[in-house]
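Fold and contact review
Each chain is listed here by its residues.
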Amino acid sequence: DVRTDRFGGFSGRFRLPSVTLTGSFVLRTQGPTWRGSLAFRVEEYKRPSFEAPADPVREAYALGDTVRLTGTARTFSGVPVAEARVLYTVSRSSWWRLDDDFFHPQSGEAFTDAEGRFSFPVVLSAPEVQFHPGRRACFTYQVDYRVTAPNGETVQGSATLSAGTRRY
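Keep in mind that what you see is a predicted model, and the values were worked out from it rather than measured.

Thoughts on the overall build of the protein chain
Check the secondary structure of the protein chain and you find 0 helices and 10 strands. The secondary structure elements of the protein chain, listed N-terminal to C-terminal, are β-β-β-β-β-β-β-β-β-β. A total of 168 residues make up the protein chain; the buried ones form 27% of that total. Of the contacts formed within the protein chain by residues at least 6 apart in sequence, a portion of 60% connects residues at least 24 apart. Of the roughly 12400 Å² of accessible surface on the protein chain, 50% is carried by carbon and sulfur atoms.

Structure, rendered in structure tokens:
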């Protein structure tokens, strides 16, 4: 049992039995007038053997442009991870809501080359709404990617791009 603070927040601790198998769990909460739940996974920790950071985008870009996101998959000792599969998705958000702004998330696949380099396009598509002259608009594009080495090991990465009506 826990009590809420004056803002309705609460925290608590619990311990999973040590003989429990790894997998999915659900934590359920219940108050006098509400219920909630949170699903989480418990896995055996395995230290990754490689990383795949994205390179910073150095060229200027704006809404409507296509940017190439690049990166390199390398082991921690510097050996390239060649022929790894890269799956990516791109989502868009803004700090205001546009009722008629429909964005279909982008997704695709790429592979690392012999040096472990990967590259894929990110289309910074502008919304289909018309902006008033002089009004500036800015959108955030979240790029999430997974790199899977030929041995099956997978690491995740992400990059954030902000694009507006002016090229920066």
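Section: the environment of G71
The topology assignment puts G71 in strand β4 (residues 66-72). Residue G71 is classed as buried on the basis of its relative accessible area, which comes to 0%. As for G71 and A52, which are separated by 19 residues in sequence, their C-alpha atoms are 6.5 Å apart. Aside from chain neighbours lying at most four places away, what touches G71 is P53, A54, D55, G116, R117 and F118.

Considering the nonpolar core
Across soluble globular proteins, nonpolar side chains show a tendency to be buried alongside one another. Judged by nonpolar contacts, the single largest core of 29 residues is most densely connected at F120, V122, L124, Y141, Y145 and V147. Among the elements that make up this core, the one with the highest residue count is strand β9 (residues 138-148) (5 residues).

Considerations on the pairing of strand β8 (residues 117-123)
Along any regular strand, the residues point their side chains to alternate faces of the sheet. Here β8 shows one buried face, formed by F118, F120 and V122, and one open face, formed by R117, S119, P121 and V123. Across 7 bridges, the pairing between β4 and β8 is antiparallel. Its bridge partner lying in β8, V67 is registered against V122.

Focus: a nonpolar patch on the surface
A contiguous nonpolar patch, built from F14, L16, L27 and L38 and spanning about 360 Å² of accessible area, is present on the exposed surface. Tracing the backbone shows L38 in strand β2 (residues 35-42). Residue classification places L38 among the exposed positions, given a relative accessible area of 52%.

So, the sheet that holds strand β7 (residues 106-111)
Spatially, β7-β6-β9-β10 is the arrangement adopted by the 4 strands of the open sheet, whose pairing is antiparallel. Two strands lie at the open edges of the sheet, namely β7 and β10 (154-164), each paired on one side alone. Sheet twist, expressed as the average angle between the axes of neighbouring strands with direction ignored, equals 20°.

Digging into the pattern of salt bridges
This model, assessed by the stated rule, comprises 3 salt bridges. Linking R117 and D55 is a salt bridge whose minimum nitrogen-to-oxygen distance equals 3.0 Å. In this pair, R117 is assigned in strand β8 and D55 in the loop between β3 (50-51) and β4, connecting sequence segments 62 residues apart. With relative accessibility at 33%, the residue R117 sits in the partly exposed group. Two residues, R85 and E109, come together in a salt bridge whose shortest N-O distance is 2.4 Å. One end of the pair, R85, is in strand β6 (residues 85-93); the other, E109, is in strand β7, with 24 residues separating them in the sequence. Overall, the relative accessible area of 40% leaves R85 in the partly exposed class. We classify E109 as partly exposed; its relative accessible area is 42%.

What about the side chain of D65?
Tracing the chain through its elements places D65 in the loop between β3 and β4. In this structure D65 comes out as buried when scored by relative accessible area, which is 19%. Here A62 takes part through its backbone nitrogen, which lies 2.8 Å from a polar atom of the side chain of D65. In this structure D65 touches V122, V123, L124 and R167, once residues within four positions along its chain are discounted.

Calculation notes
- Residues numbered from 1 in each chain as written.
- Predicted model: local features only at pLDDT ≥ 70, side-chain atom pairs only at ≥ 80, totals over all residues.
- Heavy atoms only, no water.
- Helix = DSSP H or I, 4+ residues; strand = E, 2+ residues; numbered from the N terminus.
- Buried < 20%, exposed > 50% of the residue type's maximum accessible area, 1.4 Å probe, protein only.
- Contact = heavy atoms within 4.5 Å.
- Areas by Shrake-Rupley, 256 points an atom, 1.4 Å probe, with all protein chains shown as cover.
- Core = buried A, V, L, I, M, F, W, Y, C linked by side-chain atoms within 4.5 Å.
- Pairing = 2+ DSSP bridges.
- Patch = residues over 30% accessible without salt bridge, like charges linked within 9 Å, V, L, I, M, F, W, Y side chains within 5 Å.
- Salt bridge = Lys/Arg side-chain N within 4 Å of Asp/Glu carboxyl O.
- Axes fitted to C-alpha atoms, helices over the stretch in contact; angles between N-to-C directions.
- Polar contact = N/O pair within 3.5 Å; in protein donor to acceptor, adjacent residues only side chain to side chain.

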